[in-house]
Amino acid sequence: MNKKAAVFMYIVCLGFIIAIFMFYGNTGKNSPGGSDLYLGEKQIEVFNTYFEAEKDIYYIELSAKIAAKEASDSNFVINFENYFNIYLEELDQDPDYTFIYDFQSSKTVITGYASEELEYNGDNYVYRTQPNIRIEIRPISTQTTPNQF
């Protein structure tokens, strides 16, 4: 091999190695979102916000079911709303509800409409949801004892 060709080959190899280091060294600065974010971090943040909202909605629905079961038959509407408000006090965001009661012979249907939305703030977004509820309660029938042999 020629000496000039060998020197040229060393210069080309050295330049190639330097170009690789420069390319991969600047990749983090040129990536979308900056060098401190990994792929999918923003999506996970949005998912966690949605998950937090679903937890609060489930808490509201479960509170309504428990309040309906604890309310006495004599003043059902007043007792239900009192128990439901007690449970909602533990929630950070406390929406006001308007209830519609449908008393039937086999079940009681309670539909609650929230007057305001629950709001969850992220870095670059706001997630809002309306936590309306609808539950059905069957009246507790007389206790029957199982057949004894």
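Residues numbered from 1 in each chain as written. Predicted model: local features only at pLDDT ≥ 70, side-chain atom pairs only at ≥ 80, totals over all residues. Heavy atoms only, no water.

What follows is about the overall build of the chain. Within the chain, the regular secondary structure consists of four helices and five strands. In the chain, the order of α-helices and β-strands from amino to carboxyl end is α-α-α-α-β-β-β-β-β. Within the span of the chain, comprising 149 residues, buried residues form 22% of the whole. Contacts spanning at least 24 positions in sequence make up 48% of the contacts within the chain whose residues lie at least 6 apart. When the accessible surface of the chain is totalled, it reaches about 11800 Å², and 57% of it is carbon and sulfur. (Helix = DSSP H or I, 4+ residues; strand = E, 2+ residues; numbered from the N terminus. Buried < 20%, exposed > 50% of the residue type's maximum accessible area, 1.4 Å probe, protein only. Contact = heavy atoms within 4.5 Å. Areas by Shrake-Rupley, 256 points an atom, 1.4 Å probe, with all protein chains shown as cover.)

The next point concerns the packing of aromatic side chains. The geometry of an aromatic ring pair comes down to the distance between the two centres and the angle between the two planes. On inspection of all chains with the given rule, the structure shows 12 aromatic pairs. Relative to F80, the ring of F76 lies with its centre 6.1 Å away and its plane at 10°, an arrangement referred to as stacked. Of this pair, F76 and F80 both sit in helix α4 (residues 76-88), separated by four residues, roughly a single helical turn. Assessed through its relative accessible area of 12%, F76 is described here as buried. You can call F80 buried: its relative accessible area is 0%. Aromatic side chains Y120 and Y127 sit 6.4 Å apart centroid to centroid with 35° between the ring planes, which places their arrangement in the tilted category. (Phe/Tyr/Trp six-rings, centres within 6.5 Å; stacked < 30°, edge-to-face > 60°.)

Residues F16, I17, I20, F21, F23 and Y24 make up a contiguous nonpolar surface patch of about 730 Å² in total accessible area. Inspection of the secondary structure puts F23 in helix α1 (residues 3-25). (Patch = residues over 30% accessible without salt bridge, like charges linked within 9 Å, V, L, I, M, F, W, Y side chains within 5 Å. Salt bridge = Lys/Arg side-chain N within 4 Å of Asp/Glu carboxyl O.)

To continue, consider the side chain of S63. For S63, the location among the structural elements is in helix α3 (residues 41-70). Looking at S63, the relative accessible area reads 4%, which means it is buried. Ignoring any residue separated from it by four or fewer positions in sequence, one finds S63 in contact with F84 and Y87.

It is worth spelling out a negative patch on the surface at this point. Together, E89, E90, D94, D96 and E116 line one region of the surface with negative charge. Residue E89 is classed as exposed on the basis of its relative accessible area, which comes to 60%. (Lys, Arg positive; Asp, Glu negative; His and termini not counted. Charge placed at Lys NZ, Arg CZ, Asp CG, Glu CD.)

Moving on, we come to the confidence of the model for the chain. Here the chain shows a mean pLDDT of 81. Residues at 70 or above account for 84%. In the model, residues 141-145 has pLDDT below 50 throughout and makes zero contacts with residues more than four positions away in sequence or in other chains. (pLDDT = per-residue confidence, 0-100.)

In any sheet, the strands associate via hydrogen bonds between backbone groups, in a parallel or an antiparallel arrangement. Judged by pairing direction, the sheet is antiparallel, and its three strands sit side by side in the order β1-β2-β5 without closing on themselves. Looking at strand neighbours, the two that pair on one side only are β1 (97-103) and β5 (133-137), the edges of this open sheet. Averaged over all adjacent pairs, the angle separating strand axes in this sheet is 15°, with direction ignored. Note that strand β2 (residues 108-114) and β5 share five bridges and pair antiparallel. Of the residues in β5, the one forming a bridge with I110 is I135. Where α3 meets the sheet, it contacts β1, β2 and β5, and its direction lies at approximately 30° from that of β5. Where α4 meets the sheet, its contacts fall on β1, β2 and β5, and the angle it forms with β1 comes to roughly 140°. (Pairing = 2+ DSSP bridges. Axes fitted to C-alpha atoms, helices over the stretch in contact; angles between N-to-C directions.)

Across seven bridges, the pairing between β1 and β2 is antiparallel. Bridging across to β2, Y101 finds its partner in I110. In this antiparallel pair of consecutive strands, β1 and β2, the connection spans four residues.

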